[in-house]
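Residues per chain are reported as follows:
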Amino acid sequence: MMTKRYWVIGGEYQGADFAALVPGTERMSGPYQDRRKAETEWTRLSCTPAATAATRYAITTETLR
């Protein structure tokens, strides 16, 4: 059986092309065993008053064998 872990990664990017992060804003949260917990963290990071239009986070999945 394969186990999955979830991570929330991202930060504030230097421009609208989302090619490079602003140094010092990088974040990685996790691992989470449950996707819902990762989604809760994604919402907390993405939907704060401090988030700008150049702030972006994503949920990534790691599959363990």
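Details of the structure are given in the entry above.
Structure report, in brief. Predicted model only: the values in this text are computed from it and were never measured. (Residues numbered from 1 in each chain as written. Predicted model: local features only at pLDDT ≥ 70, side-chain atom pairs only at ≥ 80, totals over all residues. Heavy atoms only, no water.)

Overview of the sheet that holds strand S3 (residues 55-64)
Argument step 1. Read from one edge of the open sheet, 3 strands run S2-S1-S3, paired in antiparallel fashion. Taken across any chain shown, the strands that pair with only one partner, and hence form the sheet edges, are strand S2 (27-32) and S3. Neighbouring strand axes in the sheet, compared pairwise and without regard to direction, differ in orientation by 20 degrees on average.
Argument step 2. By the bridge criterion, 4 bridges tie strand S1 (residues 3-12) to S2 in an arrangement that is antiparallel. Of the residues in S2, the one forming a bridge with valine 8 is serine 29.
Argument step 3. Against the sheet, helix H1 (residues 35-46) contacts S1, S2 and S3, and its axis sits at roughly 160 degrees relative to S3. (Pairing = 2+ DSSP bridges. Helix = DSSP H or I, 4+ residues; strand = E, 2+ residues; numbered from the N terminus. Axes fitted to C-alpha atoms, helices over the stretch in contact; angles between N-to-C directions. Contact = heavy atoms within 4.5 Å.)

A closer look at the environment of tyrosine 6
Argument step 1. Note on placement: tyrosine 6 falls in strand S1.
Argument step 2. The exposure class of tyrosine 6 is buried, given its relative accessible area of 13%.
Argument step 3. C-alpha of tyrosine 6 to C-alpha of alanine 16: the two residues are 10 residues apart in sequence and 26 Å apart in space.
Argument step 4. Beyond its immediate sequence surroundings of up to four residues, tyrosine 6 is in contact with Ser29, Gly30, Pro31, Tyr32, Gln33, Asp34, Arg35, Ala38, Ile59, Thr60 and Thr61. (Buried < 20%, exposed > 50% of the residue type's maximum accessible area, 1.4 Å probe, protein only.)

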